[in-house]
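Each chain, written out:
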Amino acid sequence: MPVSDLSVSTSETAYIPDFADGSGWSTQVVLVNTSDGVLTGSTQFFGQTGQALTVTVDGQSATRFDYSIPARTSKTFQTAGSATVTTVGSIRVSPGSGSRTPAAFAVLTSRRNNVTVSEITVEAVKPVASNRMYVENSGNWGAQESGSLQTAFAAVNPSSSAMTLSLELTGMDGTASSFTGSVSIPAQGQIVTVLNQVQGFSSLPNSFQGILRVSTSTSPGVSVVGIRARYNERSPAPDYILATVPAMNEAAAPSTADLLIPNIADSGGYTTQFVLLGGSTA
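**Focus on the overall build of the protein chain**
Of the regular secondary structure elements, the protein chain holds zero helices and 19 strands. Taking 282 residues into account, the globule formula puts the C-alpha radius of gyration at 19 Å, and the protein chain, at 19 Å, falls close to it. With respect to the three principal axes, the spread of C-alpha positions in the protein chain is 50 × 50 × 40 Å. In the protein chain, which comprises 282 residues, the share counted as buried stands at 43%. Contacts spanning at least 24 positions in sequence make up 73% of the contacts within the protein chain whose residues lie at least 6 apart. Accessible surface for the protein chain amounts to roughly 14,500 Å². Of this, 49% is attributable to carbon and sulfur atoms. Across the protein chain, the 13 positively charged side chains and the 18 negatively charged ones have centroids separated by 5 Å.

**With respect to the packing of aromatic side chains**
Tallying each qualifying case throughout the model produces seven aromatic pairs. Here the aromatic rings of Phe 19 and Phe 45 are separated by 5.0 Å at their centres, their planes lie at 75 degrees, and the arrangement is edge-to-face. Of the two residues, Phe 19 sits in strand 1 (residues 14-21) while Phe 45 sits in strand 3 (residues 39-47), which places them 26 residues apart along the sequence. With respect to class, Phe 19 is no different from Phe 45; both count as buried. Residues Phe 179 and Phe 201 carry aromatic rings whose centres are separated by 6.4 Å and whose planes lie at 80 degrees to one another, so their mutual orientation is edge-to-face. With Phe 179 in strand 14 (residues 176-185) and Phe 201 in the loop between strand 15 (190-194) and strand 16 (207-215), this residue pair connects regions lying 22 residues apart in the sequence. According to the relative accessible area criterion, Phe 201 is buried, its value standing at 0%. Grouping aromatic residues by their ring pairs yields a cluster made of Phe 19, Phe 45, Phe 65 and Phe 77. In this structure, Lys 75 packs its charged tip against the face of Phe 77, placed 5.3 Å from the ring centre. The lysine or arginine in question, Arg 92, covers the ring of Phe 46, its NZ or CZ lying 4.0 Å from the ring centre.

**Thoughts on the sheet that holds strand 7 (residues 74-78)**
Taken together, the four strands give an open sheet; going across it, the order is 7-2-9-10, and neighbouring strands pair in antiparallel fashion. The open sheet has two edge strands with one neighbour each: strand 7 and strand 10 (115-123). Each strand axis lies, on average, 20 degrees off the axis of its neighbour in the sheet, ignoring direction. Pairing analysis gives five bridges linking strand 2 (residues 25-32) to strand 7, with the strands arranged antiparallel. Residue pairing for strand 7: Gln 28 is matched across the bridge by Gln 78.

**Observations concerning the sheet that holds strand 3**
Pairing is antiparallel across the open sheet formed by four strands, whose spatial order is 1-8-3-6. The sheet terminates laterally at strand 1 and strand 6 (64-69), the two strands that pair on one side only. On average, each strand axis in the sheet is inclined to that of its neighbour by 25 degrees, with strand direction left out of account. Judged from the six bridges that link them, strand 3 and strand 6 form a sheet pairing that is antiparallel.

**Let's talk about the layout of surface pockets**
Vacant regions in the atomic arrangement are exposed by a probe of water-molecule size rolled over the atoms. In this structure, the largest pocket encloses a volume near 1,900 Å³. Lining the largest pocket are 37 residues, and of these Thr 244, Val 245, Pro 246, Ile 261 and Val 275 sit closest to its centre. At the level of elements, strand 11 (130-138), strand 17 (223-231), strand 18 (240-245) and strand 19 (248-249) are the ones that each hand at least two residues to the lining of the largest pocket. Of all the elements, strand 18 adds the most residues to the lining of the largest pocket, at five residues. Taken together, the residues of the lining of the largest pocket break down into 22 nonpolar, 11 polar and four charged. When its volume is computed, the second largest pocket comes out at roughly 1,100 Å³. Contributing to the lining of the second largest pocket are 34 residues, with Ala 104, Glu 123, Ala 124, Val 125 and Lys 126 lying nearest its centre. Taken together, the elements giving at least two residues each to the lining of the second largest pocket come down to strand 1, strand 9 (103-112), strand 10, strand 17 and strand 18.

**Here we look at the side chain of Ser 42**
The residue Ser 42 is located in strand 3 in this model. Ignoring anything within four residues of it in the chain, the contact list for Ser 42 reads Arg 64, Phe 65, Asp 66, Tyr 67, Arg 92, Val 93 and Ser 94.

**Overview of the pattern of salt bridges**
Overall, the coordinates contain nine salt bridges when judged by the stated rule. The residue Arg 64 makes a salt bridge to Asp 66 at a minimum N-O spacing of 2.8 Å. The residue Arg 213 makes a salt bridge to Glu 168 at a minimum N-O spacing of 3.2 Å. Of the two residues, Arg 213 sits in strand 16 while Glu 168 sits in strand 13 (residues 163-171), which places them 45 residues apart along the sequence. What makes Glu 168 partly exposed here is its relative accessible area of 34%.

**Here we look at the confidence of the model for the protein chain**
On average, residues of the protein chain carry a pLDDT of 93, and 99% of them reach 70 or more. Per-element confidence in the protein chain ranges from a low mean pLDDT of 92 for strand 18 to a high of 98 for strand 2.

Conventions and cut-offs
Residues numbered from 1 in each chain as written. Predicted model: local features only at pLDDT ≥ 70, side-chain atom pairs only at ≥ 80, totals over all residues. Heavy atoms only, no water. Helix = DSSP H or I, 4+ residues; strand = E, 2+ residues; numbered from the N terminus. Rg over C-alpha atoms; globule rule 2.2 N^0.38 Å. Buried < 20%, exposed > 50% of the residue type's maximum accessible area, 1.4 Å probe, protein only. Contact = heavy atoms within 4.5 Å. Areas by Shrake-Rupley, 256 points an atom, 1.4 Å probe, with all protein chains shown as cover. Lys, Arg positive; Asp, Glu negative; His and termini not counted. Charge placed at Lys NZ, Arg CZ, Asp CG, Glu CD. Phe/Tyr/Trp six-rings, centres within 6.5 Å; stacked < 30°, edge-to-face > 60°. Lys NZ or Arg CZ within 6 Å of the ring centre and 35° of its normal. Pairing = 2+ DSSP bridges. Axes fitted to C-alpha atoms, helices over the stretch in contact; angles between N-to-C directions. 1 Å grid on protein atoms, 1.4 Å probe; cavity = no way out; pocket = protein on both sides within 12 Å on 5 of 7 lines; lining within 4 Å. Points joined across faces, edges and corners; volume = space filled by probe spheres on them. Nonpolar A, V, L, I, M, F, W, Y, C, P; charged D, E, K, R; others polar. Salt bridge = Lys/Arg side-chain N within 4 Å of Asp/Glu carboxyl O. pLDDT = per-residue confidence, 0-100.

This is the structure we're talking about:
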């Protein structure tokens, strides 16, 4: 669960790159007011082609849900998840006139036979021109082999024109690979895809670790989040479990301060993987 930085203040629209609802999926949107005043605005769900979606939230169906959040409190919106077909898209949190933007994230929950099998948090991401993220491909993903995993990514286009994303894979040592590709996103639209579904990445080997660069020349940029997807060892049908992977803004100023990882676990069934990523070209 993300922790909000009290020193950050913005009145820009917040973009949550991914949500899912229906056929076992539901999404809870969480808005946190970190200020000492009331925050007002609206939350909207958008489909992959950029259209505003009618979604059932807390028993009411609409394309827009207004909020008013008292100081230092939070507000949640829970989708019904009752549809037989999964709807996928993005979420936008727009502050009212003169109001700050709340800290925003979504919790996506997947259930099979009414049993929760996976749950991930997708935080609002500011659009930027270029990102880098750690990616991994292992095992026979296409055959749903137990223990196989692959990185996917979700991206939302906040602009009023179509956007082309340029995709480049490099090795863990930064060396260029032969894997390059591109994907198009409609105006206000969204895309979510695993790596080997991208044209140019279909021959990605079953054992790969590297860095994916996602960039666009369309202003104001793209909001991206990585998704680590894995089939667990449950038999006879493995569960599809997920975790988010952050995308690093190439333009962000490097930090010289120490970084702390608050929790690790090892043994007793637990292992921990550490990923150190140089987010820029320097």
